[in-house]
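Take a look at the letters that make up each chain.
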Amino acid sequence: MKKGKKLYEGKAKIIYASPEKNLVIQHFKDDATAFNNQKKATIDGKGILNNRISEYILSNLNEVGIKNHLIKRINMREQLVKSVEIIPIEFVVRNIATGSLTKRLGIEEGTILDYPLIEYCLKNDDLGDPLVSREHILSFNWMNIMELELINDQCKRINDFLQGMFRGVGIKLVDFKLEFGRSGQDNEIILADEISPDTCRLWDSRTEKKLDKDIFRKDLGNLIEGYQEVAKRLDILHEQSNIRPIKFPKPKAVKIKKK
Ligand code: UDP
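Analysis parameters
Residues numbered from 1 in each chain as written. Predicted model: local features only at pLDDT ≥ 70, side-chain atom pairs only at ≥ 80, totals over all residues. Heavy atoms only, no water. Buried < 20%, exposed > 50% of the residue type's maximum accessible area, 1.4 Å probe, protein only. Helix = DSSP H or I, 4+ residues; strand = E, 2+ residues; numbered from the N terminus. Pairing = 2+ DSSP bridges. Near = heavy atom within 4 Å. Polar contact = N/O pair within 3.5 Å; in protein donor to acceptor, adjacent residues only side chain to side chain. Areas by Shrake-Rupley, 256 points an atom, 1.4 Å probe, with all protein chains shown as cover. Nonpolar A, V, L, I, M, F, W, Y, C, P; charged D, E, K, R; others polar. Salt bridge = Lys/Arg side-chain N within 4 Å of Asp/Glu carboxyl O. Axes fitted to C-alpha atoms, helices over the stretch in contact; angles between N-to-C directions. Parallel < 35°, antiparallel > 145°, perpendicular 65-115°, else oblique. Left-handed = near helix turned anticlockwise from the far one by under 90°. Contact = heavy atoms within 4.5 Å. Phe/Tyr/Trp six-rings, centres within 6.5 Å; stacked < 30°, edge-to-face > 60°. Lys NZ or Arg CZ within 6 Å of the ring centre and 35° of its normal.

Caption draft 1: Representation of the pairing of strand β14 (residues 200–204). Most of β14 is tucked away: five of the five residues are buried. Neither face of β14 is exposed, since C200, L202 and D204 on one face and R201 and W203 on the opposite face are all buried. Judged from the five bridges that link them, strand β12 (residues 171–183) and β14 form a sheet pairing that is antiparallel. Bridged to D175 within β14 is R201.

Here you go:
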């Protein structure tokens, strides 16, 4: 598919125009950032893994009735997605306390929450994506109350589905971030962006080994190995050779004697 002009470049993805009306191309980069852009690196193959993992998760969510922007994966790094107007709020869903929740409120690391907790952060890098309340969202018209209620319900449904999916392959879904957008003429709310180890905290159920972006944030080892482990457990890593193409030596043909 022919890519059009670059419409937007974020920290981990680029959005290009597509030949089809109301659709755009989402390209996954290998760039990794943490702590509001203070730590940066390029990690070979990360974009390929996130593309595959996010495609798998979003297509499964679609099958259980959670509408989202994914149309199809086009190639190793790109997806065709619906063009949406992104709502300027990041929705963080938490099952186990860690990260900024423990730092902000002093909740003990690893506390299992009685109910999933939904937090709202304003998407604004200059302000460091500050936590905002429901009242801020409504006061400043970032969403209306119907959109907010609908998204809250979707966050819970997505959490239930993903927790079950990951639990089935021996992974604890600790927390994750979602983004939603308005699509089409009737401004339908749909899930957008990506769901991948870049946007989730995933711990091995038995050992609590980190299999997500915390490997990069906290220098815990090889990030690709963690992401590959997630893909392998979800049984979506059949094309592993595509991540780092294996070069086979050219075979030396045995000479055949002429009669
Ligand atoms: N998260 C994300 N993008 C952000 C902020 C958070 O994907 O810009 C995800 C993060 O990977 C984690 C969850 O949201 O799965 C909660 O992150 P937290 O607020 O604990 O962030 P921290 O500051 O600890 O990275």
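Caption draft 2: Summary view of the site of the ligand. Close to the ligand lie 14 residues, the nearest being R94, S100, D175, R201 and R217. With respect to the ligand, the side chain of D175 contributes an N or O atom lying 2.6 Å from an oxygen atom. Taking 510 Å² as the accessible area of the ligand by itself, protein coverage stands at 78%. Counting only elements with at least two residues in the shell around the ligand, the list comes to β9 (89–96), β12 and β14. A breakdown of the residues in the shell around the ligand according to their chemical character gives three nonpolar, three polar and eight charged.

Caption draft 3: Structural context of the pairing of strand β1 (residues 6–9). As judged from the three bridges shared by β1 and strand β2 (residues 13–17), these two strands associate in the antiparallel manner. Bridge pairing in β2 links Y8 to I15. The antiparallel hairpin formed by β1 and β2 contains three residues in its connecting segment.

Caption draft 4: Here's a closer look at the pattern of salt bridges. On inspection of all chains with the given rule, the structure shows 28 salt bridges. With a closest N to O distance of 2.5 Å, E9 and K6 form a salt bridge. Across the pair E208 and K172 runs a salt bridge, and its minimum N-O distance is 2.5 Å. Within this pair, whereas E208 is found in the loop between β14 and α5 (214–217), its partner K172 is found in strand β12, the two being separated by 36 residues in sequence. For K172, a relative accessible area of 22% puts it in the partly exposed group. One network of salt bridges, in which partners are shared, links R94, R104, E119, D175, R201, D214 and R217.

Caption draft 5: Structural detail: unusual backbone geometry. Notably, N37 is not glycine yet its phi reads approximately 80 degrees, a positive angle. Its place among the elements puts N37 in the loop between β4 (31–34) and β5 (39–42). With a relative accessible area of 31%, N37 lands in the partly exposed category. Backbone geometry at D193 places phi at a positive 65 degrees, although glycine is not the residue there.

Caption draft 6: Inspection of the packing of helix α1 (residues 46–63) against helix α4 (residues 145–167) at higher detail. With their axes 11 Å apart at the nearest point, α1 and α4 run at an angle of 120 degrees to one another. The orientation of α1 with respect to α4, classified from their angle, is oblique. Relative to α4, α1 is oriented so that their crossing is right-handed. Contacts between α1 and α4 pair Y56, I57, N60 and L61 from the former with I158, F161, L162, M165 and F166 from the latter. Taken together, the residues that form the contact of α1 with α4 break down as eight nonpolar, one polar and no charged.

Caption draft 7: How the structure looks around the packing of aromatic side chains. This structure, assessed with the given rule, holds three aromatic pairs. Taking 5.4 Å as the distance between ring centres and 90 degrees as the angle between the ring planes, the aromatic pair formed by F91 and F180 counts as edge-to-face. A residue pair is termed long-range when its members are at least 10 positions apart, and F91 in strand β9 and F180 in strand β12 qualify at 89 residues. The burial state of F91 is the same as that of F180; both residues are buried. Each residue in the set F91, Y120 and F180 is aromatic and connected to the rest through ring pairs, giving one cluster. Residue placement shows K39 over the ring face of F216; its charged tip is 5.0 Å from the ring centre. For the cation-ring pair, K210 lies above W203, with the distance from its terminal atom to the ring centre recorded as 4.2 Å.

Caption draft 8: Structural view of the side chain of R94. By the element assignment, R94 lies in strand β9. Within the structure, R94 has its side chain in polar contact with the backbone oxygen of T98 (distance 3.3 Å). Looking at R94, its side chain comes within polar contact range of the side chain of E119, at 3.0 Å. Non-local contacts of R94, meaning those with residues more than four positions away in its chain, are made with S100, L101, R104, L113, Y115, P116, L117, E119, V174, D175 and R201.

Geometric descriptors of this kind do not, in isolation, establish any biological role.
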